[in-house]
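The lines below spell out each chain.
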There are 2 protein chains.
Amino acid sequence: MISQETDTEQLILEAAKKVFFKKGYDGARMQEIANEAGINKALLHYYFRSKDKLFEAIFFNAFQQFIPSVVENLNADISFERKIEIFVENYINMLINFPQLPSFVLTEVNRNPERIAEMFGKIGIIPSVILQGIQKEVDKGNISAVEPKQILANIVALCVFPFAARPLLQIVLTENDTAKYNVFLEERKKEVSRFIINSIKI
Amino acid sequence: MISQETDTEQLILEAAKKVFFKKGYDGARMQEIANEAGINKALLHYYFRSKDKLFEAIFFNAFQQFIPSVVENLNADISFERKIEIFVENYINMLINFPQLPSFVLTEVNRNPERIAEMFGKIGIIPSVILQGIQKEVDKGNISAVEPKQILANIVALCVFPFAARPLLQIVLTENDTAKYNVFLEERKKEVSRFIINSIKI
DNA sequence: AAATGGTTAAACTAAATGATTAAACCATCT
DNA sequence: AGATGGTTTAATCATTTAGTTTAACCATTT
(Lines give C-alpha, C1' and ligand atoms only; values in the text may rest on other atoms or scores of the structure.)
Protein backbone atom coordinates (compact mmCIF):
# COMPACT_ATOMS: atom_id res chain seq x y z
CA MET A 1 0.00 0.00 0.00
CA ILE A 2 2.54 2.48 1.12
CA SER A 3 4.91 1.65 -1.71
CA GLN A 4 1.95 2.09 -4.07
CA GLU A 5 1.22 5.56 -2.76
CA THR A 6 4.79 6.83 -2.80
CA ASP A 7 5.25 5.35 -6.24
CA THR A 8 2.29 7.15 -7.77
CA GLU A 9 2.98 10.31 -5.84
CA GLN A 10 6.58 10.23 -6.98
CA LEU A 11 5.49 9.53 -10.54
CA ILE A 12 3.22 12.56 -10.43
CA LEU A 13 5.90 14.78 -8.95
CA GLU A 14 8.40 13.81 -11.62
CA ALA A 15 5.89 14.37 -14.40
CA ALA A 16 4.80 17.67 -12.88
CA LYS A 17 8.37 18.80 -12.53
CA LYS A 18 9.06 18.02 -16.15
CA VAL A 19 6.01 19.88 -17.43
CA PHE A 20 6.21 22.85 -15.03
CA PHE A 21 9.92 23.28 -15.75
CA LYS A 22 9.30 23.39 -19.45
CA LYS A 23 6.07 25.38 -19.63
CA GLY A 24 5.90 27.30 -16.38
CA TYR A 25 2.82 27.45 -14.16
CA ASP A 26 0.60 29.25 -16.66
CA GLY A 27 1.64 27.17 -19.64
CA ALA A 28 1.39 23.81 -17.88
CA ARG A 29 -1.77 21.71 -18.23
CA MET A 30 -2.99 19.18 -15.72
CA GLN A 31 -3.87 16.89 -18.62
CA GLU A 32 -0.33 17.05 -19.94
CA ILE A 33 1.07 16.20 -16.53
CA ALA A 34 -1.30 13.26 -16.30
CA ASN A 35 -0.26 12.05 -19.75
CA GLU A 36 3.38 12.46 -18.85
CA ALA A 37 2.83 10.35 -15.74
CA GLY A 38 0.68 7.86 -17.64
CA ILE A 39 -2.26 8.23 -15.29
CA ASN A 40 -5.73 9.69 -15.17
CA LYS A 41 -6.11 13.41 -14.66
CA ALA A 42 -8.35 12.91 -11.63
CA LEU A 43 -5.49 11.21 -9.83
CA LEU A 44 -3.56 14.44 -9.81
CA HIS A 45 -6.35 16.03 -7.83
CA TYR A 46 -6.68 12.96 -5.65
CA TYR A 47 -3.05 13.32 -4.57
CA PHE A 48 -2.58 17.07 -4.66
CA ARG A 49 -6.08 18.60 -4.64
CA SER A 50 -5.26 21.46 -7.03
CA LYS A 51 -2.86 22.68 -9.65
CA ASP A 52 -1.71 25.31 -7.18
CA LYS A 53 -0.81 22.77 -4.52
CA LEU A 54 0.98 20.54 -6.99
CA PHE A 55 2.92 23.50 -8.30
CA GLU A 56 3.79 24.59 -4.80
CA ALA A 57 5.39 21.21 -4.12
CA ILE A 58 7.50 21.46 -7.26
CA PHE A 59 8.43 25.08 -6.77
CA PHE A 60 9.45 24.75 -3.13
CA ASN A 61 11.75 21.90 -4.02
CA ALA A 62 13.27 23.77 -6.95
CA PHE A 63 13.71 26.93 -4.93
CA GLN A 64 15.50 25.06 -2.18
CA GLN A 65 17.84 23.49 -4.68
CA PHE A 66 18.46 26.78 -6.46
CA ILE A 67 19.42 28.76 -3.37
CA PRO A 68 22.80 27.37 -2.41
CA SER A 69 23.62 26.69 1.20
CA VAL A 70 27.08 28.13 1.65
CA VAL A 71 27.33 28.26 5.41
CA GLU A 72 29.58 25.23 5.93
CA ASN A 73 31.87 26.33 3.15
CA LEU A 74 32.02 29.84 4.57
CA ASN A 75 33.16 28.63 7.97
CA ALA A 76 35.75 26.21 6.64
CA ASP A 77 39.37 26.90 7.55
CA ILE A 78 40.62 27.69 4.04
CA SER A 79 41.48 30.82 2.13
CA PHE A 80 38.69 32.99 0.76
CA GLU A 81 39.93 32.30 -2.74
CA ARG A 82 39.68 28.58 -2.15
CA LYS A 83 36.16 29.04 -0.78
CA ILE A 84 35.16 30.77 -3.96
CA GLU A 85 36.71 28.07 -6.10
CA ILE A 86 34.87 25.35 -4.21
CA PHE A 87 31.55 27.16 -4.25
CA VAL A 88 31.69 27.97 -7.95
CA GLU A 89 32.71 24.47 -8.92
CA ASN A 90 29.98 22.84 -6.83
CA TYR A 91 27.27 25.25 -7.84
CA ILE A 92 27.98 25.09 -11.57
CA ASN A 93 28.15 21.31 -11.35
CA MET A 94 24.72 21.29 -9.78
CA LEU A 95 23.40 23.60 -12.51
CA ILE A 96 24.85 21.36 -15.21
CA ASN A 97 22.83 18.52 -13.69
CA PHE A 98 19.66 20.61 -13.48
CA PRO A 99 20.02 23.09 -16.32
CA GLN A 100 16.40 24.27 -16.39
CA LEU A 101 16.43 25.17 -12.73
CA PRO A 102 17.45 28.84 -13.20
CA SER A 103 14.96 29.72 -15.90
CA PHE A 104 12.14 27.98 -14.02
CA VAL A 105 12.84 29.62 -10.69
CA LEU A 106 13.51 33.05 -12.18
CA THR A 107 10.36 32.95 -14.29
CA GLU A 108 8.16 31.99 -11.37
CA VAL A 109 9.88 34.36 -8.99
CA ASN A 110 9.16 37.22 -11.36
CA ARG A 111 5.59 36.07 -11.91
CA ASN A 112 4.91 36.15 -8.19
CA PRO A 113 7.57 38.10 -6.30
CA GLU A 114 5.51 38.59 -3.14
CA ARG A 115 5.73 35.08 -1.82
CA ILE A 116 9.50 34.83 -2.09
CA ALA A 117 10.35 36.48 1.21
CA GLU A 118 8.59 33.78 3.21
CA MET A 119 10.26 31.10 1.11
CA PHE A 120 13.62 32.15 2.49
CA GLY A 121 12.22 31.75 5.96
CA LYS A 122 10.96 28.24 5.18
CA ILE A 123 14.30 26.97 3.97
CA GLY A 124 16.06 28.63 6.89
CA ILE A 125 18.55 30.72 4.98
CA ILE A 126 19.74 33.98 6.50
CA PRO A 127 21.12 36.04 3.59
CA SER A 128 22.97 38.50 5.80
CA VAL A 129 25.35 35.79 7.00
CA ILE A 130 26.92 35.51 3.56
CA LEU A 131 27.36 39.26 3.19
CA GLN A 132 28.92 39.46 6.63
CA GLY A 133 31.31 36.66 5.74
CA ILE A 134 32.51 38.60 2.72
CA GLN A 135 32.75 41.83 4.71
CA LYS A 136 35.04 40.07 7.17
CA GLU A 137 37.47 39.28 4.36
CA VAL A 138 37.48 42.92 3.36
CA ASP A 139 38.14 43.97 6.97
CA LYS A 140 40.98 41.50 7.25
CA GLY A 141 42.47 43.05 4.16
CA ASN A 142 42.38 39.78 2.23
CA ILE A 143 40.45 41.31 -0.67
CA SER A 144 40.04 44.80 -2.03
CA ALA A 145 37.43 47.07 -0.52
CA VAL A 146 34.51 46.25 -2.75
CA GLU A 147 30.98 46.19 -1.39
CA PRO A 148 30.09 42.60 -0.43
CA LYS A 149 26.73 43.12 -2.17
CA GLN A 150 28.52 43.66 -5.45
CA ILE A 151 30.83 40.68 -5.02
CA LEU A 152 28.01 38.31 -4.15
CA ALA A 153 25.87 39.56 -7.03
CA ASN A 154 28.79 39.03 -9.38
CA ILE A 155 29.47 35.47 -8.26
CA VAL A 156 25.86 34.42 -8.59
CA ALA A 157 25.36 36.26 -11.88
CA LEU A 158 28.39 34.63 -13.48
CA CYS A 159 27.29 31.17 -12.40
CA VAL A 160 23.58 31.36 -13.12
CA PHE A 161 23.21 33.58 -16.15
CA PRO A 162 24.70 31.19 -18.73
CA PHE A 163 21.95 28.73 -17.80
CA ALA A 164 19.10 31.22 -17.57
CA ALA A 165 19.98 32.79 -20.93
CA ARG A 166 21.18 29.66 -22.68
CA PRO A 167 18.97 29.92 -25.79
CA LEU A 168 20.38 33.37 -26.48
CA LEU A 169 23.97 32.81 -25.46
CA GLN A 170 24.22 29.53 -27.32
CA ILE A 171 23.52 31.39 -30.54
CA VAL A 172 25.78 34.31 -29.77
CA LEU A 173 28.69 32.40 -28.29
CA THR A 174 28.77 28.97 -29.91
CA GLU A 175 26.85 29.24 -33.18
CA ASN A 176 23.89 27.46 -31.58
CA ASP A 177 25.99 24.32 -31.17
CA THR A 178 24.81 22.43 -28.07
CA ALA A 179 27.99 20.39 -27.61
CA LYS A 180 30.17 23.48 -27.90
CA TYR A 181 28.02 25.28 -25.37
CA ASN A 182 28.40 22.41 -22.94
CA VAL A 183 32.16 22.73 -23.26
CA PHE A 184 31.82 26.45 -22.61
CA LEU A 185 29.88 25.69 -19.44
CA GLU A 186 32.52 23.20 -18.29
CA GLU A 187 35.24 25.77 -18.83
CA ARG A 188 33.33 28.26 -16.74
CA LYS A 189 33.94 26.27 -13.58
CA LYS A 190 37.57 27.42 -13.66
CA GLU A 191 36.91 30.67 -15.48
CA VAL A 192 34.40 32.17 -13.11
CA SER A 193 36.52 31.75 -10.00
CA ARG A 194 39.60 33.00 -11.82
CA PHE A 195 37.53 35.96 -12.90
CA ILE A 196 36.18 36.74 -9.46
CA ILE A 197 39.50 36.30 -7.69
CA ASN A 198 41.30 38.46 -10.22
CA SER A 199 38.80 41.22 -9.74
CA ILE A 200 38.97 41.41 -5.96
CA LYS A 201 42.59 40.72 -5.21
CA ILE A 202 44.57 43.51 -3.62
CA MET B 1 -8.47 58.77 -39.72
CA ILE B 2 -4.84 57.88 -39.72
CA SER B 3 -4.26 59.52 -36.37
CA GLN B 4 -7.23 57.54 -35.06
CA GLU B 5 -5.77 54.27 -36.20
CA THR B 6 -2.29 54.85 -34.90
CA ASP B 7 -3.72 56.12 -31.66
CA THR B 8 -5.76 53.01 -30.98
CA GLU B 9 -3.05 50.73 -32.28
CA GLN B 10 -0.52 52.45 -30.05
CA LEU B 11 -2.90 52.25 -27.12
CA ILE B 12 -3.26 48.52 -27.66
CA LEU B 13 0.47 48.01 -28.01
CA GLU B 14 1.17 49.83 -24.78
CA ALA B 15 -1.49 47.92 -22.90
CA ALA B 16 -0.32 44.63 -24.39
CA LYS B 17 3.26 45.38 -23.47
CA LYS B 18 2.28 46.11 -19.91
CA VAL B 19 0.29 42.92 -19.52
CA PHE B 20 2.65 40.62 -21.43
CA PHE B 21 5.65 41.96 -19.53
CA LYS B 22 3.99 41.27 -16.24
CA LYS B 23 2.24 37.97 -16.93
CA GLY B 24 4.07 36.48 -19.89
CA TYR B 25 2.36 35.04 -22.95
CA ASP B 26 0.61 32.20 -21.13
CA GLY B 27 -0.48 34.29 -18.19
CA ALA B 28 -1.75 37.22 -20.22
CA ARG B 29 -5.44 37.50 -21.11
CA MET B 30 -6.84 39.34 -24.09
CA GLN B 31 -9.61 40.68 -21.85
CA GLU B 32 -7.07 42.14 -19.45
CA ILE B 33 -5.23 43.83 -22.29
CA ALA B 34 -8.51 45.28 -23.53
CA ASN B 35 -9.35 46.56 -20.05
CA GLU B 36 -5.88 48.04 -19.70
CA ALA B 37 -6.35 49.84 -23.02
CA GLY B 38 -9.90 50.86 -22.12
CA ILE B 39 -11.36 49.31 -25.25
CA ASN B 40 -13.45 46.35 -26.31
CA LYS B 41 -11.82 42.95 -26.65
CA ALA B 42 -12.98 42.60 -30.23
CA LEU B 43 -10.85 45.58 -31.15
CA LEU B 44 -7.71 43.67 -30.26
CA HIS B 45 -8.60 41.11 -32.88
CA TYR B 46 -9.61 43.79 -35.32
CA TYR B 47 -6.13 45.31 -35.13
CA PHE B 48 -3.96 42.25 -34.54
CA ARG B 49 -6.07 39.24 -35.53
CA SER B 50 -4.80 36.96 -32.79
CA LYS B 51 -3.10 36.83 -29.44
CA ASP B 52 -0.09 35.29 -31.18
CA LYS B 53 0.26 38.17 -33.63
CA LEU B 54 -0.15 40.77 -30.91
CA PHE B 55 2.43 39.01 -28.79
CA GLU B 56 4.79 38.75 -31.72
CA ALA B 57 4.69 42.53 -32.14
CA ILE B 58 5.53 43.08 -28.48
CA PHE B 59 8.18 40.41 -28.34
CA PHE B 60 10.01 41.49 -31.46
CA ASN B 61 10.23 45.01 -30.13
CA ALA B 62 11.43 43.87 -26.73
CA PHE B 63 13.97 41.50 -28.21
CA GLN B 64 15.39 44.22 -30.41
CA GLN B 65 15.75 46.50 -27.43
CA PHE B 66 17.26 43.80 -25.26
CA ILE B 67 20.00 42.80 -27.68
CA PRO B 68 22.39 45.72 -27.62
CA SER B 69 23.89 47.02 -30.83
CA VAL B 70 27.55 47.48 -30.03
CA VAL B 71 29.03 47.81 -33.48
CA GLU B 72 29.57 51.58 -33.52
CA ASN B 73 31.05 51.48 -30.06
CA LEU B 74 33.33 48.61 -31.06
CA ASN B 75 34.78 50.52 -34.01
CA ALA B 76 35.30 53.75 -32.12
CA ASP B 77 38.87 54.97 -31.74
CA ILE B 78 39.13 54.60 -27.98
CA SER B 79 40.75 52.11 -25.64
CA PHE B 80 39.05 48.76 -25.04
CA GLU B 81 38.62 49.65 -21.41
CA ARG B 82 36.81 52.83 -22.38
CA LYS B 83 34.60 50.84 -24.75
CA ILE B 84 33.59 48.57 -21.91
CA GLU B 85 32.88 51.51 -19.64
CA ILE B 86 30.69 53.13 -22.24
CA PHE B 87 28.83 49.96 -23.10
CA VAL B 88 28.14 49.00 -19.49
CA GLU B 89 26.97 52.47 -18.56
CA ASN B 90 24.65 52.74 -21.55
CA TYR B 91 23.27 49.25 -21.24
CA ILE B 92 22.59 49.42 -17.52
CA ASN B 93 20.97 52.82 -18.00
CA MET B 94 18.67 51.31 -20.59
CA LEU B 95 17.82 48.43 -18.24
CA ILE B 96 17.06 50.86 -15.42
CA ASN B 97 14.54 52.49 -17.74
CA PHE B 98 13.03 49.15 -18.79
CA PRO B 99 13.60 46.94 -15.78
CA GLN B 100 11.20 44.16 -16.75
CA LEU B 101 12.83 43.69 -20.12
CA PRO B 102 15.28 40.95 -19.04
CA SER B 103 12.80 38.75 -17.23
CA PHE B 104 10.27 39.07 -20.03
CA VAL B 105 12.70 38.26 -22.82
CA LEU B 106 14.41 35.46 -20.92
CA THR B 107 11.13 33.85 -19.93
CA GLU B 108 9.80 33.89 -23.48
CA VAL B 109 13.11 32.84 -24.97
CA ASN B 110 13.14 29.79 -22.72
CA ARG B 111 9.50 29.03 -23.45
CA ASN B 112 10.16 28.94 -27.15
CA PRO B 113 13.88 28.69 -27.92
CA GLU B 114 13.48 27.53 -31.52
CA ARG B 115 12.35 30.79 -33.00
CA ILE B 116 15.23 32.82 -31.57
CA ALA B 117 17.79 32.06 -34.26
CA GLU B 118 15.69 33.74 -36.96
CA MET B 119 15.08 36.71 -34.66
CA PHE B 120 18.77 37.52 -34.78
CA GLY B 121 18.56 37.49 -38.55
CA LYS B 122 15.60 39.88 -38.53
CA ILE B 123 17.32 42.50 -36.40
CA GLY B 124 20.49 42.16 -38.46
CA ILE B 125 22.92 41.37 -35.67
CA ILE B 126 25.94 39.23 -36.45
CA PRO B 127 27.12 37.88 -33.10
CA SER B 128 30.52 36.79 -34.39
CA VAL B 129 31.54 40.41 -34.97
CA ILE B 130 31.58 41.11 -31.25
CA LEU B 131 33.61 38.02 -30.43
CA GLN B 132 36.10 38.90 -33.17
CA GLY B 133 36.39 42.41 -31.81
CA ILE B 134 37.35 41.05 -28.40
CA GLN B 135 39.75 38.53 -29.93
CA LYS B 136 41.54 41.36 -31.67
CA GLU B 137 42.24 42.99 -28.31
CA VAL B 138 43.68 39.73 -27.03
CA ASP B 139 45.89 39.46 -30.15
CA LYS B 140 47.10 43.01 -29.73
CA GLY B 141 48.06 42.11 -26.18
CA ASN B 142 45.79 44.75 -24.68
CA ILE B 143 44.04 42.25 -22.43
CA SER B 144 44.96 38.88 -20.97
CA ALA B 145 44.42 35.76 -23.04
CA VAL B 146 40.91 34.88 -21.95
CA GLU B 147 38.45 33.34 -24.35
CA PRO B 148 36.28 36.12 -25.85
CA LYS B 149 33.24 33.91 -25.25
CA GLN B 150 33.92 34.03 -21.54
CA ILE B 151 34.50 37.76 -21.46
CA LEU B 152 31.34 38.54 -23.38
CA ALA B 153 29.27 36.17 -21.25
CA ASN B 154 30.65 37.84 -18.14
CA ILE B 155 29.85 41.36 -19.28
CA VAL B 156 26.28 40.51 -20.21
CA ALA B 157 25.72 38.39 -17.12
CA LEU B 158 26.89 41.14 -14.77
CA CYS B 159 24.67 43.74 -16.45
CA VAL B 160 21.49 41.71 -16.94
CA PHE B 161 21.29 39.33 -14.00
CA PRO B 162 20.54 41.92 -11.30
CA PHE B 163 17.40 42.81 -13.26
CA ALA B 164 16.35 39.29 -14.17
CA ALA B 165 16.75 38.07 -10.61
CA ARG B 166 15.68 41.20 -8.82
CA PRO B 167 12.99 39.67 -6.58
CA LEU B 168 15.59 37.27 -5.20
CA LEU B 169 18.57 39.58 -5.04
CA GLN B 170 16.60 42.39 -3.50
CA ILE B 171 15.89 40.17 -0.52
CA VAL B 172 19.40 38.76 -0.27
CA LEU B 173 21.32 41.97 -0.90
CA THR B 174 19.21 44.88 0.36
CA GLU B 175 16.72 43.43 2.85
CA ASN B 176 13.97 43.68 0.25
CA ASP B 177 14.29 47.46 0.24
CA THR B 178 13.41 48.81 -3.20
CA ALA B 179 15.16 52.16 -2.78
CA LYS B 180 18.35 50.50 -1.56
CA TYR B 181 18.28 48.10 -4.47
CA ASN B 182 17.97 51.00 -6.89
CA VAL B 183 21.10 52.49 -5.36
CA PHE B 184 22.82 49.14 -5.74
CA LEU B 185 21.88 49.15 -9.44
CA GLU B 186 23.21 52.68 -9.88
CA GLU B 187 26.50 51.71 -8.29
CA ARG B 188 26.82 48.79 -10.65
CA LYS B 189 27.36 51.11 -13.61
CA LYS B 190 30.84 51.82 -12.28
CA GLU B 191 31.28 48.54 -10.48
CA VAL B 192 30.72 46.22 -13.40
CA SER B 193 33.23 47.86 -15.70
CA ARG B 194 35.77 48.10 -12.89
CA PHE B 195 35.17 44.43 -12.27
CA ILE B 196 35.55 43.40 -15.89
CA ILE B 197 38.60 45.54 -16.53
CA ASN B 198 40.31 44.30 -13.38
CA SER B 199 39.77 40.73 -14.40
CA ILE B 200 41.21 40.97 -17.91
CA LYS B 201 44.04 43.40 -17.49
CA ILE B 202 47.52 42.08 -18.14
C1' DA C 1 -29.04 64.54 -45.67
C1' DA C 2 -27.92 60.30 -47.68
C1' DA C 3 -24.29 57.15 -48.68
C1' DT C 4 -19.87 55.24 -47.78
C1' DG C 5 -16.31 53.06 -45.33
C1' DG C 6 -13.63 52.55 -41.59
C1' DT C 7 -13.98 51.87 -36.34
C1' DT C 8 -15.98 50.14 -32.02
C1' DA C 9 -18.88 47.38 -29.06
C1' DA C 10 -22.24 43.73 -27.43
C1' DA C 11 -23.46 39.22 -27.85
C1' DC C 12 -22.22 34.89 -28.97
C1' DT C 13 -19.48 30.44 -30.10
C1' DA C 14 -16.53 26.70 -29.57
C1' DA C 15 -12.93 24.77 -27.35
C1' DA C 16 -10.08 24.09 -23.44
C1' DT C 17 -9.33 23.42 -18.75
C1' DG C 18 -9.36 22.86 -13.61
C1' DA C 19 -12.07 20.47 -10.73
C1' DT C 20 -15.70 17.04 -9.04
C1' DT C 21 -18.42 12.84 -8.83
C1' DA C 22 -19.61 8.29 -9.00
C1' DA C 23 -18.43 3.99 -10.22
C1' DA C 24 -15.00 0.42 -11.11
C1' DC C 25 -10.95 -1.85 -9.53
C1' DC C 26 -7.94 -4.35 -6.55
C1' DA C 27 -5.40 -5.97 -2.69
C1' DT C 28 -6.01 -7.45 2.06
C1' DC C 29 -8.46 -9.28 5.87
C1' DT C 30 -12.07 -12.19 7.94
C1' DA D 1 -16.27 -16.01 -0.93
C1' DG D 2 -17.53 -11.58 0.90
C1' DA D 3 -16.59 -7.24 3.08
C1' DT D 4 -13.53 -3.29 3.58
C1' DG D 5 -10.92 0.55 2.27
C1' DG D 6 -7.77 2.66 -0.39
C1' DT D 7 -6.71 3.64 -5.48
C1' DT D 8 -7.84 4.65 -10.26
C1' DT D 9 -10.77 5.84 -14.05
C1' DA D 10 -14.59 7.63 -17.08
C1' DA D 11 -17.86 10.93 -17.36
C1' DT D 12 -19.34 15.29 -16.36
C1' DC D 13 -19.49 20.24 -14.71
C1' DA D 14 -18.66 25.01 -14.52
C1' DT D 15 -15.84 28.43 -15.92
C1' DT D 16 -12.65 30.71 -18.60
C1' DT D 17 -10.95 32.28 -22.84
C1' DA D 18 -9.57 33.17 -27.76
C1' DG D 19 -11.90 34.27 -31.47
C1' DT D 20 -16.25 35.58 -34.50
C1' DT D 21 -20.36 37.87 -35.88
C1' DT D 22 -23.50 41.38 -36.32
C1' DA D 23 -24.96 45.65 -35.57
C1' DA D 24 -24.20 50.32 -34.01
C1' DC D 25 -21.43 54.39 -34.49
C1' DC D 26 -19.11 58.23 -36.61
C1' DA D 27 -16.55 61.05 -39.66
C1' DT D 28 -16.08 62.20 -44.44
C1' DT D 29 -17.75 62.59 -49.09
C1' DT D 30 -21.26 63.46 -52.48
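Residues numbered from 1 in each chain as written. Chains lettered and ligands numbered in written order. Predicted model: local features only at pLDDT ≥ 70, side-chain atom pairs only at ≥ 80, totals over all residues. Heavy atoms only, no water.

Participant: So, the protein's contact with DNA strand C: which residues are in play, and what are the values?
Facilitator: Taken together, 16 residues sit near DNA strand C, with A:Arg29, A:Lys41, A:Lys51, B:Asn40 and B:Tyr47 positioned nearest. Across the atoms of DNA strand C situated within 4 Å of the protein, the share located in sugar and phosphate is 62%. With respect to DNA strand C, the side chain of A:His45 contributes an N or O atom lying 3.2 Å from a phosphate oxygen. Here B:Asn40 contributes a backbone N or O atom positioned 2.8 Å from a phosphate oxygen of DNA strand C. Elements represented by at least two residues in the surface near DNA strand C include exactly helix 3 (41-48) of chain A together with helix 1 (2-27) and helix 3 (41-48) of chain B. Of the residues contributing to the surface near DNA strand C, the split by class is eight nonpolar, four polar and four charged. (Near = heavy atom within 4 Å. Polar contact = N/O pair within 3.5 Å; in protein donor to acceptor, adjacent residues only side chain to side chain. Helix = DSSP H or I, 4+ residues; strand = E, 2+ residues; numbered from the N terminus. Nonpolar A, V, L, I, M, F, W, Y, C, P; charged D, E, K, R; others polar.)

Participant: I'd love a proper account of the domain arrangement of chain A, names of residues and values included.
Facilitator: All names here are of chain A. Parsing chain A into structural domains produces domain 1 (2-57) and domain 2 (67-200). Computed over C-alpha atoms, the centres of domain 1 and domain 2 are 30 Å apart. Tallying the contact residues gives eight residues for domain 1 and eight residues for domain 2. Across the domain 1/domain 2 interface, buried area totals approximately 740 Å², and carbon plus sulfur atoms make up 61% of it. Counting the surface domain 1 buries against domain 2, the share from its top three residues, Phe21, Phe55 and Glu56, is 67%. Connecting domain 1 to domain 2 are one salt bridge. (Domains from an automatic or database assignment. Contact = heavy atoms within 4.5 Å. Buried area = accessible area lost by both parts, 1.4 Å probe. Salt bridge = Lys/Arg side-chain N within 4 Å of Asp/Glu carboxyl O.)

Participant: Can you lay out the layout of surface pockets for me, pointing to particular residues and giving the numbers?
Facilitator: Counted as a void, the largest pocket has a volume near 950 Å³. Along the walls of the largest pocket sit 42 residues, with A:Thr107, A:Glu108, A:Asn110, B:Ser103 and B:Thr107 positioned nearest its centre. Mapped onto the lining of the largest pocket, the elements with two or more residues apiece are helix 1 (2-27), helix 7 (101-111) and helix 11 (166-174) of chain A together with helix 1, helix 7 (101-111) and helix 11 (166-174) of chain B. Among the residues forming the lining of the largest pocket, the class breakdown is 16 nonpolar, 12 polar and 14 charged. In this structure, the second largest pocket spans a volume of roughly 250 Å³. Of all the secondary-structure elements, those providing two or more residues to the lining of the second largest pocket are helix 4 (51-66), helix 5 (71-75) and helix 6 (80-97) of chain B. The element best represented in the lining of the second largest pocket is helix 6 of chain B, accounting for five residues. (1 Å grid on protein atoms, 1.4 Å probe; cavity = no way out; pocket = protein on both sides within 12 Å on 5 of 7 lines; lining within 4 Å. Points joined across faces, edges and corners; volume = space filled by probe spheres on them.)

Participant: Describe the relation of the copies chain B and chain A, with residues and values.
Facilitator: Taken as rigid bodies, chain B and chain A are interconverted by a rotation of 180° and an axial shift of 0.0 Å, the fit giving an RMSD of 0.0 Å. Such a combination of turn and shift is consistent with a two-fold rotation axis. The fraction of interface residues of chain B whose copies in chain A are also interface residues reaches 100%, indicating that both copies meet through the same surface. (Least-squares fit on C-alpha atoms with pLDDT ≥ 70 in both.)

Participant: Lay out the side chain of A:Arg188 in plain terms, naming residues and giving numbers.
Facilitator: Assignment of secondary structure puts A:Arg188 in helix 12 (residues 178-200). Despite its burial, A:Arg188 pairs with no opposite charge; the closest candidate is A:Glu191, at 7.1 Å N-O. Reaching out from A:Arg188, the side chain makes a polar contact with the backbone oxygen of A:Leu158 at a distance of 3.1 Å. A polar contact is formed between the side chain of A:Arg188 and the side chain of B:Asn154, at a distance of 2.6 Å. Sequence-distant contacts of A:Arg188, defined by excluding residues within four places in its chain, comprise A:Val88, A:Ile92, A:Leu158, A:Pro162, B:Gln150, B:Ala153 and B:Asn154. (Buried < 20%, exposed > 50% of the residue type's maximum accessible area, 1.4 Å probe, protein only. Lys, Arg positive; Asp, Glu negative; His and termini not counted.)

Participant: I'd like a rundown of the interface of chain B and chain A, residues and numbers included.
Facilitator: Contacts between the two partners involve 49 residues from chain B and, on the opposite side, 49 residues from chain A. For the pair chain B and chain A, the summed buried surface comes to about 4400 Å²; carbon and sulfur atoms form 70% of the total. Contact with chain A buries surface across chain B, with B:Phe161, B:Leu168 and B:Phe195 losing the most and accounting together for 15% of the total. The tally of links between chain B and chain A comes to zero salt bridges. If you look at where chain B meets chain A, you find 11 residue pairs in polar contact (both at pLDDT 80 or more). Elements that contribute at least two residues to the side of chain B that touches chain A include exactly helix 1, helix 4, helix 7, helix 8 (116-123), helix 9 (127-139), helix 10 (148-164), helix 11 and helix 12 (178-200) of chain B. Among the elements that take part in the side of chain B that touches chain A, helix 10 of chain B stands out by supplying 11 residues, more than any other. Partitioning the side of chain B that touches chain A into residue classes produces 31 nonpolar, 10 polar and eight charged.

Participant: Talk me through the packing of aromatic side chains; I want residue IDs and the actual numbers.
Facilitator: Summed over the entire model, instances satisfying the criterion amount to 25 aromatic pairs over all chains. Note on B:Phe20 and B:Tyr25: the rings are 6.3 Å apart at their centroids and 5° apart in plane angle, and the pair reads as stacked. Among the residues examined, B:Tyr25 registers a relative accessible area of 15% and is labelled buried. On the numbers, 5.0 Å between centres and 75° between planes, the contact of B:Tyr25 with B:Phe55 is edge-to-face. Of this pair, B:Tyr25 sits in helix 1 while B:Phe55 sits in helix 4, placing them 30 residues apart in sequence. Of the residues examined, B:Phe55 reaches a relative accessible area of 1% and is grouped as buried. Put simply, the rings of A:Phe20, A:Phe21, A:Tyr25, A:Phe55, A:Phe59, A:Phe63, A:Phe104 and A:Phe120 pair up and form one aromatic cluster. (Phe/Tyr/Trp six-rings, centres within 6.5 Å; stacked < 30°, edge-to-face > 60°.)

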